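Examining the three-dimensional arrangement
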Amino acid sequence: MKAEGIAGMTPALVILVLALSTGTLALDNGLMRTPPMGWLAWERFRCDIDCDHDPKNCISENLFMDMADRLAEDGWRELGYVYVNIDDCWSSMERDANGRLQADPKRFPNGIPHLARYVHDRGLKLGIYGDFGTHTCGGYPGTTLDKIQTDAQTFADWGIDMLKLDGCYSNATEQEKGYPLMSQALNATGRPIGYSCSWPAYQGGLPPKVNYTQLGEICNLWRNYGDIQDSWSSVLNIADWFFTNQDILQPAAGPGRWNDPDMLVIGDFGLSFDQSQTQMALWAIMAAPLFMSNDLRSIDARSRTILQNKGLIYINQDPLGIQGRRLIKEQSGVEVFWRPLSNDASALVFFSRREDMPYRYQTSLKKLNYTAGVYQAYDVYQEKLLPAFKDSTDFVVSINPSGVVMWFVVPTKQMMGDGKLFGGDRLAKPTHL
Ligand code: GLA
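Note that the structure is predicted; figures quoted are calculated from it, not measured.

Reading guide: rules and limits
Residues numbered from 1 in each chain as written. Predicted model: local features only at pLDDT ≥ 70, side-chain atom pairs only at ≥ 80, totals over all residues. Heavy atoms only, no water. Near = heavy atom within 4 Å. Polar contact = N/O pair within 3.5 Å; in protein donor to acceptor, adjacent residues only side chain to side chain. Areas by Shrake-Rupley, 256 points an atom, 1.4 Å probe, with all protein chains shown as cover. Nonpolar A, V, L, I, M, F, W, Y, C, P; charged D, E, K, R; others polar. Helix = DSSP H or I, 4+ residues; strand = E, 2+ residues; numbered from the N terminus. Expected span 1.5 Å × (residues − 1). Buried < 20%, exposed > 50% of the residue type's maximum accessible area, 1.4 Å probe, protein only. Contact = heavy atoms within 4.5 Å. Disulfide = S-S within 2.5 Å. Pairing = 2+ DSSP bridges. Axes fitted to C-alpha atoms, helices over the stretch in contact; angles between N-to-C directions. Salt bridge = Lys/Arg side-chain N within 4 Å of Asp/Glu carboxyl O. Parallel < 35°, antiparallel > 145°, perpendicular 65-115°, else oblique. pLDDT = per-residue confidence, 0-100. Core = buried A, V, L, I, M, F, W, Y, C linked by side-chain atoms within 4.5 Å. Phe/Tyr/Trp six-rings, centres within 6.5 Å; stacked < 30°, edge-to-face > 60°.

Take the site of the ligand next. Contacts to the ligand come from Trp 42, Asp 87, Asp 88, Tyr 129, Cys 137, Gly 138, Lys 164, Asp 166, Arg 223 and Asp 227. Interatomic distance of 3.1 Å between a side-chain N/O atom of Arg 223 and an oxygen atom of the ligand. A total of 310 Å² of accessible area belongs to the ligand in isolation, and the protein chains cover 90% of it. When grouped by side-chain class, the residues that make up the shell around the ligand number three nonpolar, one polar and six charged.

Our focus in this paragraph is helix 11 (residues 232-244). Between its terminal C-alpha atoms helix 11 stretches 18 Å, which fits the 18 Å expected from 13 residues at 1.5 Å a residue. By the burial criterion, the buried members of helix 11 are Trp 232, Ser 234, Val 235, Leu 236, Ile 238, Ala 239, Trp 241, Phe 242 and Phe 243. Those residues of helix 11 hidden inside the fold are in contact with helix 12 (246-249), strand 7 (258-260), helix 13 (273-285), strand 9 (325-329), strand 10 (334-340) and strand 11 (346-352).

Under the definition given, this model contains four disulfides. If one numbers only the bonded cysteines of the protein, in the order they occur, the disulfide pattern is 1-4, 2-3, 5-6, 7-8.

What the eight strands build is an open sheet, ordered 7-6-5-4-3-2-1-8; its pairing is parallel. In the strand order of this sheet, the two ends are held by strand 7 and strand 8 (290-292), each with one partner. Averaged over all adjacent pairs, the angle separating strand axes in this sheet is 25°, with direction ignored. As judged from the three bridges shared by strand 1 (residues 37-40) and strand 2 (residues 83-85), these two strands associate in the parallel manner. In the strand pairing of strand 2, Leu 40 is matched with Asn 85.

All right, on to the pattern of salt bridges then. Inspection of every chain in the model, using the stated rule, returns 24 salt bridges. Close ionic contact of Asp 66 with Lys 56 constitutes a salt bridge, the shortest N to O distance being 3.7 Å. With Asp 66 in helix 4 (residues 61-73) and Lys 56 in the loop between helix 3 (42-45) and helix 4, this residue pair connects regions lying ten residues apart in the sequence. Classification of Asp 66 as partly exposed rests on a relative accessible area of 21%. Since its relative accessible area comes to 52%, Lys 56 is described here as exposed. Put simply, Lys 56, Asp 66, Asp 295 and Arg 297 are held in one network by salt bridges that share partners.

Moving on: the packing of helix 4 against helix 6 (residues 111-121). Any two packed helices are characterised by how steeply their axes cross, that is the angle between the axes, and by the distance between the axes. Where helix 4 meets helix 6, the axes come as close as 10 Å, and the angle between the chain directions of the two elements is 10°. If you check the angle between helix 4 and helix 6, you find them roughly parallel. Along its contact with helix 4, which presents Glu 61, Phe 64, Met 65, Ala 68 and Asp 69, the element helix 6 presents Gly 111, His 114, Leu 115, Tyr 118 and Val 119. For the contact of helix 4 with helix 6, the residue count by class is six nonpolar, two polar and two charged.

Attention shifts here to the confidence of the model for the protein. Residues at a pLDDT of 70 or more form 89% of the protein, whose mean pLDDT is 92. Overall, residues 1-26 carries pLDDT values under 50, and its contacts beyond four positions in sequence, including any with other chains, amount to 41 contacts. Contacts from residues 424-433, a stretch scored under 50 in pLDDT, to residues over four places away or in other chains number 25 contacts.

Moving on: the nonpolar core. Within the largest apolar cluster, 114 residues are counted, with the highest numbers of intra-cluster contacts made by Tyr 81, Trp 90, Met 280 and Met 406. Top contributing element to this core by residue count: helix 11, with eight residues. Aside from chain neighbours lying at most four places away, what touches Tyr 81 is Met 37, Gly 38, Leu 71, Trp 76, Leu 124, Met 280, Leu 290, Met 292, Leu 307 and Ile 313. The next biggest cluster of nonpolar side chains, apart from the first, holds 18 residues, and it includes Leu 365, Ala 377, Phe 389 and Trp 407.

A few words now on the packing of aromatic side chains. Within the structure shown, the criterion is met by 23 aromatic pairs. Centroid distance Trp 39 to Phe 45: 6.0 Å. Interplanar angle 50°. Geometry classified as tilted. Each member of the pair, Trp 39 together with Phe 45, is buried. Measuring from ring centre to ring centre gives 6.0 Å for Phe 350 and Phe 395, while their planes differ by 75°; the resulting arrangement is edge-to-face.

Where strand 9 meets strand 10, four bridges bridge the pair, whose relative direction is antiparallel. Bridging from a neighbouring strand, Arg 325 pairs with Trp 338 of strand 10. Linkage of strand 9 to strand 10, two consecutive antiparallel strands, is achieved through a turn of four residues, within which Gly 333 is found at a positive phi near 100°.

A separate point is helix 7 (residues 148-158). Restricting attention to buried positions, one finds in helix 7 the residues Ile 148, Asp 151, Ala 152, Thr 154, Phe 155, Ala 156 and Trp 158. Its buried side turned inward, helix 7 meets helix 6, strand 3 (125-131), strand 4 (162-166) and helix 8 (172-189). Phi turns positive, to about 90°, at Gly 159, one or two residues after helix 7.

Given below as structure tokens:
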């Protein structure tokens, strides 16, 4: 779908066209009808295996139990953050006598099944990491073609709920066989296991090397692009790549099958407050999986407020599951993003790449292709309902450098009387709540 084609359509028509064009078969495990949410170890804790000197931060069962406690006790789980995901460096360097993967006995003395029970007892789900290839990226045992069934069965036996299958140390020809085979093997276990495929990221993320129709049929989510780092330049680089390639990526997403621009680094060290708001806003527009990689034991209050913003989560989790798009790139450095939502609602993000001062950006809904009518907007970060205005009325938003203004927009007939938008009955609730 070309940007020009969409630009000329009314939002209602765009919703219809996108809903129809995303109606192909998804992985038939019924999982992840909205983007998965949770916590993933990698960006923040990497391959720290030095439990002797760094017991609090090393990759061990204690780390995942700590994070499960925080998710369950600090309000995250109720908002949908339910996955606790292990990444690389969890396993022993050797498979066991039966050829099965095993956890490092020193760092996971009680084994993965125990950890799965611990996580499940708290109403959460456990994700694990594997790699289709001879080794994981960190040099641990990989899953070669002959090991796919064994590993899928092992994960199912352990009570695993999600698998991220990385692609280090395998080539394109092997991956073409391995990723679909793992999908089948997971299904064959009979246990619902969400399947995250790193395959496209290893093939440049774009057709003809990447076939997004096929990915949607075998994976619930997939990494399209490089690893996120704890920096603004990394967040910006990733967002730019995804929106530059939106004509290819946007139609690939839908309920049960998501593009994954990688983890949220909000609450770490690299992003300012405004940049943190920007990452969350753009990830919501992209219908991206929301996997935080931070230290939930010591996260600061402002980062937590961003990650726990109900409006943001509501938008990210919209049941239509239509990925949003960049509408405009202004000379001034302002960019406008839009995502259609259920019940004729939509989300807008006004983002400033400027580095000088808050920029007063003037536009109207009409200029943003909205249908004629009267609308109300709710400022998602300010948590304020703005007075009703017409599509043709010009308005001004003041956008901080590297920050955003984010609106939830509804035609006035849809508006809740008391202005309570996220939790009322007239708007569909996210399916996980
Ligand atoms: C790759 C992946 C990362 C992470 C590391 C682990 O780089 O893209 O997300 O899983 O491997 O080694």
